[in-house]
Amino acid sequence: MQSAIRPTAGRNVVVVGTQWGDEGKGKIVDWMTDHAQGVVRFQGGHNAGHTLVIAGRKTALQLIPSGVMREGVACYIGNGVVVDPAHMLGEIARIEALGIDVRSRLFLSEACPLILPFHVALDSAREGRRESSGSGKIGTTGKGIGPAYEDKVARRALRVQDLKHPQRFENKLRELVELHNTELAYLGSASLDWQAMFDGAMQAAEQLRPLMADVGYRLYNAHAAGQNLLFEGAQGTLLDIDHGTYPYVTSSNCVAGNAAAGSGVGPGMLHYVLGITKAYTTRVGGGPFPTELSLDEGVGHHLSTVGQERGTVTGRARRCGWLDAAALKRSIIINGVSGLCITKLDVLDGLPEIKICTGYKLGGQMLDVLPMDADEISACEPVYETLPGWSDTTAGLTNWEQLPVNAKRYLERMQALIGAPIDMVSTGPDRVHTILLRHPFRA
């Protein structure tokens, strides 16, 4: 029996952060959309902050995939994403105000859990309780992400598909409001009214209904038809709920393996994993950070100010430090990284010397990879290798040969330490400030 001839399948790339987030994933996803027909978000929510600079115009995205800035590219929000309806509609309106078509090419999985006002209230109340009790803040964005994922795992979440059924939505909402008001009262916060919540959700439902889709099936068909897809991760590997510096982590799986589960496709559809790595290290919120430097003076101040290191979502100052190759090694292993893109190389311009953490001293032992236990990480003493810096600027360069010799040596040493090839280098915030060594869609 002769098998049917299938069209040539497309090539798919997963983009993940290899550090504690803020690596510059949005810019790189946007840059690669000239080779892709679709971009997929597969985890997190509007706690993500992806800033794009195109022809000098800056656009900050949180929930909408970064492919929205490229005309004709389809944007998918997979089942692994938690969605705040009010925020989503606000972000759509903000992008449409720029003259960009959004709704005709945005597809929202009906299986996405919803973030509702009681999730936001719980997030803030819990963080306040942790701070007042002296137990230490996690450093959440306060967007309700964690409580929404809790409801999902507890199998009581309201999902996008429930918006199509008002009576079902009302029944489930009443139960959830009663449950969560009990905890809010315990935390000393005001109770919330289910009716106002219901009315707001039903208003949002009218606008969201045309966007609802069977995202996994659409992705399968797009792939089979020869389309290239980009799977856009949010946050970073070291914030992953399972593999990060727990409990100072986010509430979802940020690693490449979740691109399949969080979008409804098989892992065999994922062909290349691009790890986005900042040329130094930053972190927002609490948790261990072995290579952290003071932001008040010296190199830490340089990285913070030249790199404009403030959170896209919260506006909080990011903690800054030297590149941690031992932590990156952990990320390379977890994600099965095919190649790296190094971002913000230009921030290191002008430093007389640059350090790389190659491992740690812990309890009389030498470690060459980040431990799994947050308390152990806090006790680690970083071991550094020092390289000479460079005085020439790298800002805006688009060719490897244009880089200063010491910048090349720094990147080559980084590559040798972490065991993954560098395929791209970002030398500035704009889409065109990129050095390409090997294209992920052609590798």
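Residues numbered from 1 in each chain as written. Predicted model: local features only at pLDDT ≥ 70, side-chain atom pairs only at ≥ 80, totals over all residues. Heavy atoms only, no water.

### A short note on the nonpolar core
Here comes step 1: Counting 53 residues, the largest nonpolar core has Val-14, Tyr-76, Phe-231, Leu-348, Tyr-410 and Leu-411 as the members making the most contacts within it.
Here comes step 2: The element that contributes the greatest number of residues to this core is helix α12 (residues 405–418), accounting for six residues.
Here comes step 3: One finds Leu-52, Leu-61, Val-102 and Phe-198 within the second-largest nonpolar core, a separate group that totals 39 residues. (Core = buried A, V, L, I, M, F, W, Y, C linked by side-chain atoms within 4.5 Å. Buried < 20%, exposed > 50% of the residue type's maximum accessible area, 1.4 Å probe, protein only. Helix = DSSP H or I, 4+ residues; strand = E, 2+ residues; numbered from the N terminus.)

### Considering the sheet that holds strand β12 (residues 319–321)
Here comes step 1: With respect to topology, three strands assemble into an open sheet ordered β10-β12-β11, the strand pairing being antiparallel. Either end of the sheet is taken by a strand with one partner, and the two such strands are β10 (281–283) and β11 (292–293).
Here comes step 2: By the bridge criterion, three bridges tie β10 to β12 in an arrangement that is antiparallel. Of the residues in β12, the one forming a bridge with Thr-282 is Cys-320. (Pairing = 2+ DSSP bridges.)

### Considering empty space enclosed by the protein
Here comes step 1: On inspection of all chains with the given rule, the structure shows one cavity of 30 Å³ or more.
Here comes step 2: Considered as a void within the structure, the largest cavity measures approximately 40 Å³ in volume.
Here comes step 3: Forming the walls of the largest cavity are Leu-238, His-243, Gly-244, Thr-245, Arg-330, Leu-370, Pro-371, Met-372 and Ile-377.
Here comes step 4: When its residues are assigned to classes, the lining of the largest cavity shows five nonpolar, three polar and one charged. (1 Å grid on protein atoms, 1.4 Å probe; cavity = no way out; pocket = protein on both sides within 12 Å on 5 of 7 lines; lining within 4 Å. Points joined across faces, edges and corners; volume = space filled by probe spheres on them. Nonpolar A, V, L, I, M, F, W, Y, C, P; charged D, E, K, R; others polar.)

### Looking at the layout of surface pockets
Here comes step 1: The volume enclosed by the second largest pocket comes to roughly 160 Å³.
Here comes step 2: Every residue lining the second largest pocket is listed: Asp-84, Pro-85, Ala-86, Ile-115, Leu-116, Pro-117, Val-120, Met-197, Gly-200, Ala-201 and Ala-204.
Here comes step 3: Of all elements in the fold, only α2 (85–96), α3 (117–133) and α6 (194–208) reach the threshold of two or more residues within the lining of the second largest pocket.
Here comes step 4: Here the lining of the second largest pocket takes four residues from α6, the largest share from any one element.
Here comes step 5: Here the residues of the lining of the second largest pocket are counted per class, giving nine nonpolar, one polar and one charged.

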